[in-house]
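Each chain, letter by letter, is given below.
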Amino acid sequence: MAAPQLALRGLTRRFGDVAAVDGIDLDLAPGQIFALLGPSGCGKSTTLRMVAGLERVDAGTITMAGRTLADGGTGKAMRPEKRNIAMVFQSYAVWPHMTVGQNVEFPLKMRGVGKAERRRRAAEILEVTGLGAVAGRSAAMLSGGQQQRVALARALVYTPDLLLLDEPLSNLDAKLRTQMRHEIRRLNRELGTTMLFVTHDQDEALSLADRVAVMNHGRVEQVGAPDELYERPATPFVRDFLGRVVMVEGTLTRTADGVRVFFGETHADVAVAATGLADGDRVALCCRPEDLDIRPAPDARPAPNELRATVESAAYLGDSIEYVLRIADGTAVVTGGRHQRYEAGDRLALTVDPQRATVWSL
Ligand SMILES: Nc1ncnc2c1ncn2[C@@H]1O[C@H](COP(=O)(O)OP(=O)(O)OP(=O)(O)O)[C@@H](O)[C@H]1O
């Protein structure tokens, strides 16, 4: 990786006995969109606030492009306004008594940029954010999506070294959310601004970020590209937090290039490193519901990697059908295409893709 734009080392913040952020290490490459993802209370906002300079650092360091922003060891911290970091809050906080153009020019005015230069730079960023046509309009008249664009334009106009975003899409409806997701990615590519955002929404993190850190109880459980986290979760928490899993219990035997998991009448061969697993262990074979190939069970005995299941119930979701299945001793929720429908009591065959399945000790 190129020299990091932002580096966190052993970053810690305690509130009384609670370590809200408990010694986290993270590196953001220049130009990257990075997400901190986790449930409420896991320490995402506190991390973001420490980077912004709004929260004290108890231990560890924050450096940006080689400059130390905060050092818990010495207690030194650069003032927020000196950091050249922009922040977009969930509430957007656009100034309703100003026009869109004035909103966007304001941060430059605060920094003492001359009028002509202010006009030029504001016009440029208004164009990039698609606000050129509404520059003269009162900011109070804007829709939620437009207000968020103003907030983004206002944050980007002074070319920050880092843009922090707090739950950037959560106040928008589903259609606008998709649009803004593409918009933020486009701005990131065009302007090259490094972005760090926090969210509790896995879809938001996976769709928007180049890299995601999954946080739990103040610690980072795993950092990776979205597909890496989704397909090869390192911990049960990451596996369960990022979407649904089909989990079937079986008994393990090690093989030359992976493991074999037995489920009554059938077994699955999975290519995984069987570290920490021993022959005879009870394990869970896990995969994402959409990675299972579902079809009516043939009369023949099940082939390897083929599980047999009985439909317990079905729910129509519009774009797909959701089934609760009984598999061996457990149940699993899977989705199937809407053109092939099954009913309660139907027997199904589910083929597991051994490249995409994971095995966990119970
Ligand atoms: N000023 C504070 N005083 C005391 N405890 C705090 C303070 N700020 C945060 N905490 C605690 O630190 C922990 C982490 O909080 P934080 O807001 O960083 O979590 P979060 O992941 O951003 O959650 P949310 O998504 O709900 O904002 C929580 O247990 C919270 O109660």
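Scoring rules and cut-offs
Residues numbered from 1 in each chain as written. Predicted model: local features only at pLDDT ≥ 70, side-chain atom pairs only at ≥ 80, totals over all residues. Domains from an automatic or database assignment. Contact = placed C-beta atoms within 7 Å. Helix = DSSP H or I, 4+ residues; strand = E, 2+ residues; numbered from the N terminus. Nonpolar A, V, L, I, M, F, W, Y, C, P; charged D, E, K, R; others polar. Axes fitted to C-alpha atoms, helices over the stretch in contact; angles between N-to-C directions. Parallel < 35°, antiparallel > 145°, perpendicular 65-115°, else oblique. Left-handed = near helix turned anticlockwise from the far one by under 90°. Near = placed C-beta within 6 Å. Pairing = 2+ DSSP bridges. Expected span 1.5 Å × (residues − 1). Buried ≥ 20, exposed ≤ 12 C-beta atoms within 10 Å, placed from the backbone.

The name recorded for the protein chain in an unreviewed UniProt entry is ABC transporter ATP-binding protein, from Paractinoplanes globisporus.

The next subject is the domain arrangement of the protein chain. Parsing the protein chain into structural domains produces domain 1 (6-240) and domain 2 (244-361). For domain 1 versus domain 2, the separation of C-alpha centres amounts to 39 Å. Counting residues at the interface gives five residues for domain 1, matched by five residues for domain 2. Sort the elements by how many residues they give to the side of domain 1 that touches domain 2 and helix 8 (residues 236-241) lands first, with three residues. Counted by class, the side of domain 1 that touches domain 2 contains one nonpolar, no polar and four charged residues.

Looking now at the packing of helix 2 (residues 100-110) against helix 4 (residues 144-156). Describing two packed helices takes the angle between their axes plus the distance from one axis to the other. The interhelical angle for the contact between helix 2 and helix 4, taken along N-to-C directions, is 30°, at an axis separation of 7 Å. The orientation of helix 2 relative to helix 4 falls into the category roughly parallel. Between helix 2 and helix 4 lies a crossing of right-handed hand. Between helix 2, through V100, N103, V104, F106 and P107, and helix 4, the contact on the second element is made entirely by V150, A153 and R154. Residues of the contact of helix 2 with helix 4, tallied by class, amount to six nonpolar, one polar and one charged.

Close to the ligand lie F15, V18, A20, G38, S40, G41, C42, G43, K44, S45, T46 and H200. Put simply, the parts of the chain that give the shell around the ligand at least two residues each are strand 2 (18-28) and helix 1 (44-52). Counting residues per element, the shell around the ligand draws most heavily on helix 1, at three residues. Looking at the shell around the ligand, its residues break down into four nonpolar, seven polar and one charged.

Attention shifts here to the sheet that holds strand 16 (residues 293-296). Strands belonging to one sheet form pairs held by backbone hydrogen bonds; the direction of such a pair is parallel or antiparallel. With respect to topology, five strands assemble into an open sheet ordered 16-20-17-18-19, the strand pairing being antiparallel. The sheet terminates laterally at strand 16 and strand 19 (330-336), the two strands that pair on one side only. Averaged over all pairs of adjacent strands, the angle between strand axes in this sheet comes to 40°, irrespective of strand direction. Bridge analysis of strand 17 (residues 306-316) against strand 18 (residues 321-327) gives seven bridges, and the strand direction is antiparallel.

Another point: helix 4. Between its terminal C-alpha atoms helix 4 stretches 18 Å, which fits the 18 Å expected from 13 residues at 1.5 Å a residue. A large share of helix 4 lies buried, amounting to eleven of its 13 residues. Listing the buried residues of helix 4 in full gives Q146, Q147, Q148, R149, V150, A151, L152, A153, R154, A155 and L156. Considering only its buried residues, helix 4 is in contact with strand 7 (85-88), helix 2, helix 3 (115-128), strand 8 (162-166) and helix 5 (174-191).

Bringing the sheet that holds strand 9 (residues 195-199) into the picture now. The strand order across the open sheet formed by six strands is 7-8-9-3-10-11, and the pairing between neighbours is mixed. The two strands at the open ends of the sheet, each matched to only one other strand, are strand 7 and strand 11 (219-224). Direction aside, the axes of adjacent strands within the sheet are offset by 20° on average. Here four bridges tie strand 8 to strand 9, and the two strands are oriented parallel to one another. Across the sheet, residue L164 finds its bridge partner in strand 9, namely L196. Helix 4 contacts strand 7 and strand 8 of the sheet and is inclined by roughly 175° relative to strand 7.

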